[in-house]
Amino acid sequence: MTQVSLTNLISGARTGLLVSFPTDTVPALAAIPEKAALIFAAKQRSQDKPLILMAASAEDLWLYVKGDENEYKVWQQLADKYWPGGLTLVLPASDRVPKVMNPTDPTTIGIRVPNSAIAQTILTQTGPLATTSANFSGQPPLQSMAEIEAQFPNVLIATTEYQGEIPGLGIPSTVAKWTGTNWQILRQGAIKLDISSDNQI
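Source: prediction; values computed, not measured.

Conventions used here
- Residues numbered from 1 in each chain as written.
- Predicted model: local features only at pLDDT ≥ 70, side-chain atom pairs only at ≥ 80, totals over all residues.
- Heavy atoms only, no water.
- Salt bridge = Lys/Arg side-chain N within 4 Å of Asp/Glu carboxyl O.
- Helix = DSSP H or I, 4+ residues; strand = E, 2+ residues; numbered from the N terminus.
- Buried < 20%, exposed > 50% of the residue type's maximum accessible area, 1.4 Å probe, protein only.
- Phe/Tyr/Trp six-rings, centres within 6.5 Å; stacked < 30°, edge-to-face > 60°.
- Pairing = 2+ DSSP bridges.
- Arc of directions from axis to C-beta.
- Contact = heavy atoms within 4.5 Å.
- Axes fitted to C-alpha atoms, helices over the stretch in contact; angles between N-to-C directions.

1. What to know about the pattern of salt bridges
Moving on, step 1. In total, this model carries 1 salt bridge according to the counting rule given.
Moving on, step 2. Note that Asp-24 and Arg-112 form a salt bridge whose closest N and O atoms lie 3.0 Å from each other. Separated by 88 residues along the polypeptide, Asp-24 in the loop between strand E2 (19–21) and strand E3 (28–31) and Arg-112 in strand E6 (residues 108–112) bring together distant segments of the chain.
Moving on, step 3. Residue Asp-24 is classed as buried on the basis of its relative accessible area, which comes to 12%.

2. Some thoughts on unusual backbone geometry
Moving on, step 1. Following Trp-83, the chain continues to Pro-84 via a peptide bond in cis, the omega torsion being -5°.
Moving on, step 2. The topology assignment puts Pro-84 in the loop between helix H3 (69–82) and strand E5 (87–92).
Moving on, step 3. With a phi close to 55°, Gln-44 is a non-glycine residue in the positive phi region.
Moving on, step 4. Within the element layout of this structure, Gln-44 appears in the loop between helix H2 (36–43) and strand E4 (52–54).
Moving on, step 5. Owing to a relative accessible area of 59%, Gln-44 belongs among the exposed residues under this scheme.

3. Details of the packing of aromatic side chains
Moving on, step 1. Per the counting criterion, the structure on display carries 6 aromatic pairs.
Moving on, step 2. Centre to centre, the rings of Tyr-72 and Trp-75 are 5.2 Å apart; their planes meet at 65°, and the pair counts as edge-to-face. Of the two residues, Tyr-72 and Trp-75 are both situated in helix H3; the distance of 3 residues between them amounts to about one turn of the helix.
Moving on, step 3. Given the relative accessible area of 27%, Tyr-72 is considered partly exposed.
Moving on, step 4. Judged by relative accessible area, which is 0%, Trp-75 ranks as buried.

4. A closer look at the pairing of strand E9 (residues 174–178)
Looking along a regular strand, one sees the side chains alternate between the two faces of the sheet.
Moving on, step 1. Within E9, 4 of the 5 residues are buried, leaving the element largely enclosed by the surrounding structure.
Moving on, step 2. Looking at chain direction, E9 and strand E10 (residues 183–187) are connected through 4 bridges and run antiparallel. The residue bridging Ala-176 from the neighbouring strand is Ile-185, located in E10.
Moving on, step 3. Two successive antiparallel strands, E9 and E10, enclose a turn made up of 4 residues, where Gly-180 displays a positive phi of approximately 110°.

5. Details of helix H1 (residues 6–14)
Moving on, step 1. When we look at burial in H1, the residues that qualify are Leu-6, Leu-9, Ile-10, Gly-12 and Ala-13. Each buried residue of H1 sits inside an arc of 165° when the element is viewed along its axis, so together they form one side. In H1, those exposed residues whose orientation departs by more than 90 degrees from the buried face are Thr-7 and Arg-14.
Moving on, step 2. Residues of H1 that are buried in the fold lie against strand E1 (3–4), E2, helix H4 (117–126) and strand E8 (156–158).

6. Quick look at H4
Think of an α-helix as turning once every 3.6 residues; residues three or four places apart then point the same way.
Moving on, step 1. When H4 is considered as a whole, its buried residues turn out to be Ile-118, Ala-119, Gln-120, Ile-122, Leu-123 and Thr-126.
Moving on, step 2. On its buried face, H4 is in contact with H1, E2, E4, strand E7 (129–133) and E8.
Moving on, step 3. A positive phi of about 80° marks Gly-127, the residue just after H4.

7. Focus: the environment of Gln-47
Moving on, step 1. Note that Gln-47 resides in the loop between H2 and E4.
Moving on, step 2. For Gln-47, a relative accessible area of 42% corresponds to the partly exposed category.
Moving on, step 3. Expressed as a C-alpha distance, the spacing of Gln-47 and Ile-122, which sit 75 residues apart in the sequence, is 26 Å.

8. Here we look at the sheet that holds E4
Moving on, step 1. Pairing within the open sheet is mixed, and its 10 strands lie in the order E1-E8-E2-E3-E7-E4-E6-E5-E9-E10. Of all strands in the sheet, those bounded by a partner on one side alone are E1 and E10.
Moving on, step 2. Relative to E8, E1 is paired through 2 bridges, and the arrangement is parallel. By the bridge assignment, Val-4 is partnered in E8 with Ala-158.
Moving on, step 3. Packed on one face of the sheet, H3 meets E5, E9 and E10 and runs near 170° to E5.

Below you can see the structure in the form of structure tokens.
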């Protein structure tokens, strides 16, 4: 039985254990950024598929990216519009991002703030976590804590009795990458992003 209380899950995550919890899109498999290699191993995930850095607020994430003043303004405008929510922004990574988050291309990092009470509660206390969907690489995202427990028996899983929690959409986040002048949509997902109407430099 790997279902644990939120307190135990948070303390486990802080000590470097793999954890799983619901989000507004699909359930996450997560670890502190320095332990991101655990996620790649558990998922049997290719090193060229980077992880997402998830945090409770945009302010917690800006330290992990780097850009000029104009770029920050554009990024902030999109974040203000869609966060918390199912949008991942792929931006130039700062030196603070451990290379194990994105072994093949450590120059970029995907960041997201989930619109989920339980995820926010956890992330507020752990700080930003390396995350991805909870499933073996190449397979559909698992949707229930029972499925995750069966597939990842050593992962700490948040107990599902969480008051007022709205189930995730079951659709992964939309991923938009900053090219230096505008946005390139890498994956249309939970949020329908119309980049033609969003700011460019």
